[in-house]
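Below are the chains, spelled out letter by letter.
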Amino acid sequence: MKTNEVLISGKHLTKVFGYGKHKTTAVDDVSFEFHKGEIISIVGESGSGKTTLAKMIMGLLKESSGSISYMGKPRQLKRHADRKKYWKHIQAIFQDPFSSFNQFYKVEKLLLDCIRLQGLKLSKEEQLQKMKEACSFVNLKYEELHNKYPFELSGGQMQRLMIARIFMLHPQLLIADEPTSMVDACSRSTILDMLLKLRDENGMTIIFITHDVGLAYYVSDTLYIMERGKVVESGPAEDVIIHPQHPYTRQLISDVPKVHEAWDLS
Amino acid sequence: MTLGKEQLRSRVSGREISYIPQAAMNALNPTLRIIRFIEDIMKEHRPELSRKQVWELAVERFETLNLSARVLESYPNELSGGMKQRTVIAISTILNPKVLIADEPTSALDVTSQKAVIKLLKHLLEKGYIQSLVFITHELPLLYHVTDDIMVMYAGEIVERGTAEQMIFDPIHPYTKKLMGSIIVPEEGMRGHKLAAIPGTPPNLKTVPEGCRFADRCTYAQSECRQGRIELQTFQDRSYRCIVPADTLREWYAHEDE
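Residues numbered from 1 in each chain as written. Chains lettered and ligands numbered in written order. Predicted model: local features only at pLDDT ≥ 70, side-chain atom pairs only at ≥ 80, totals over all residues.

### Some points on the pairing of strand 10 (residues 230-236) of chain A
Residues and elements named next belong to chain A. Where strand 9 (residues 222-227) lies against strand 10, six bridges are found, and the strand directions are antiparallel. Following the sheet pairing, Thr222 is matched in strand 10 by Pro236. A loop of two residues connects strand 9 with strand 10, the two strands running antiparallel in sequence, and Arg228 in this loop sits at a positive phi of about 45°. (Pairing = 2+ DSSP bridges. Helix = DSSP H or I, 4+ residues; strand = E, 2+ residues; numbered from the N terminus.)

### With respect to the domain arrangement of chain B
Here chain B is partitioned into domain 1 (5-137) and domain 2 (165-257). Between the C-alpha centres of domain 1 of chain B and domain 2 of chain B there is a distance of 36 Å. (Domains from an automatic or database assignment.)

### Quick notes on the sheet that holds strand 1 (residues 17-20) of chain B
Residue and element names in this part refer to chain B. Across the sheet, which stays open at both edges, the three strands sit in the order 1-2-3 with parallel pairing between neighbours. Edge positions in the sheet fall to strand 1 and strand 3 (132-136), since each has one partner strand and no second. Shown here is a sheet whose adjacent strand axes are inclined to one another by a mean of 15°, direction ignored. As paired strands, strand 1 and strand 2 (residues 99-103) are joined by four bridges and run parallel to one another. Across the sheet, the residue bridging to Ser18 is Leu100, located in strand 2. The sheet strands contacting helix 5 (residues 81-92) are strand 1 and strand 2, and the helix crosses strand 1 at an angle near 170°. (Axes fitted to C-alpha atoms, helices over the stretch in contact; angles between N-to-C directions. Contact = placed C-beta atoms within 7 Å.)

### Regarding the packing of helix 6 (residues 155-169) of chain A against helix 7 (residues 185-202) of chain A
All names here are of chain A. Orientation of helix 6 relative to helix 7, taken along the N-to-C sense of each, is 5°, at an axis distance of 11 Å. Put simply, helix 6 runs roughly parallel to helix 7. Residues Gly156, Gln159, Ile163, Ile166 and Phe167 of helix 6 lie in contact with helix 7, whose contacting residues are Ser187, Ile191, Met194, Leu195 and Leu198. Looking at the contact of helix 6 with helix 7, its residues break down into seven nonpolar, three polar and no charged. (Parallel < 35°, antiparallel > 145°, perpendicular 65-115°, else oblique. Nonpolar A, V, L, I, M, F, W, Y, C, P; charged D, E, K, R; others polar.)

### Structural notes on the interface of chain A and chain B
It is common to give the size of an interface as the accessible area that goes away when the parts come together. The interface is formed by 28 residues belonging to chain A together with 30 residues belonging to chain B. Looking at the side of chain A that touches chain B element by element, the count peaks at seven residues for helix 7 of chain A.

### Looking at the nonpolar core
Residue and element names in this part refer to chain A. Counting 92 residues, the largest nonpolar core has Ile163, Ile175, Ala176 and Ile207 as the members making the most contacts within it. Element by element, the count of residues in this core is highest for helix 6, at eight residues. Those residues in contact with Ala176, other than ones at most four positions away along the chain, are Ile93, Leu195, Ile206, Ile207, Phe208 and Ile209. (Core = buried A, V, L, I, M, F, W, Y, C linked by C-beta atoms within 7 Å. Buried ≥ 20, exposed ≤ 12 C-beta atoms within 10 Å, placed from the backbone.)

This is the structure we're talking about:
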């Protein structure tokens, strides 16, 4: 489903936290090009700067140097209206579903906000119709949920509700930060199936941020391997996993427990 | 053997059975230095030791786990995720318990730290600090390399038990079969492979359905599955909770794979 049209690209992105002696460069001179309908995985260990990079793409953190352009134009996020427009195109799913929701809003309000963000003028029935449709896409029952608060839901339900939001908003770019690290293996397949279905229907670009090399290999077209803020290897998933070039990539792959090969614990 | 609550706490917990809690990141009280946790344990279980002796014991144990003595003087927020995990393991095993229960000790860690933690647990077993290990997890490829036996639970019941080898490559119960089908590993040929997803959600345990608890999500469910109580059956050296004979199930799976 990958096309040749570039959706978002970054040039020499750098993010520095702190100053003086305590200066840490979280993201160091990273350049990338993500295409429409492509699935990209950014893989790296804890503290390798992958979440920082994702936050810069989302516009939650300001880059120290470098530039990001979206749909061929430099990204503008100065005014609130600009940001709101940008976030119509870019949405995220976070690792911890328990802290992703505003705990004072009921599920109904949460879904209505999605319609408002899109700026749609719909009648009550149409709104209801849309929310029901989104819930059934992720196997949730709107009738049971709409009057509940997020803390009344289970972790799996929250994560699926998050996907229901994505279904309503149809963003161009979805950033999934460790979306499956808190769920068991079978729910993981369900969540991945839903996300891949969304990509196939809408031509959405998905960026997976993960340390699960197996997952990254399974879902993505392109892989970026990050180590201490730098991208050390990138390319089509098949090439990177089966024929890794960089020593760090090799080490990362050998650290994953596999089923058909011995796991070197020495 | 019946024990009172107080006896259980002072004689069994910590000495005989110890526990590594889930989410070690949040398991340590943020207002205490690490050494205080150990002093607290020792005050209860080895009151004869002086503070200095406790300190020496702790330093020695921490060093075998590649943690410096400086860690003992630190507060939990000064440590990284992997260090906290190792610290929790060190505190849990300081009394050399016979049984160690590890509840998802690696779920929140990246693959490199995960490997280090597994190495550490194996090392503790080899050195004889712990004698047996109960590993609770949802990461199946990991289990295959760590454990001898695997027990699969579904909706509050044990549905299958066998050796790691048997469970991964030759599952009998339909739920285990689906679970093993959802393993993702970075190995050649993985991308073409279709992942098994189980439709629906687990039953609400407040109102458990009659018969097999997995029946609603099972592709092979028959009307007999929804009646009475399904008992655990023994087949050769394994046990599983299904009314269909193991050989019939295997035949069905063989057809499914075609």
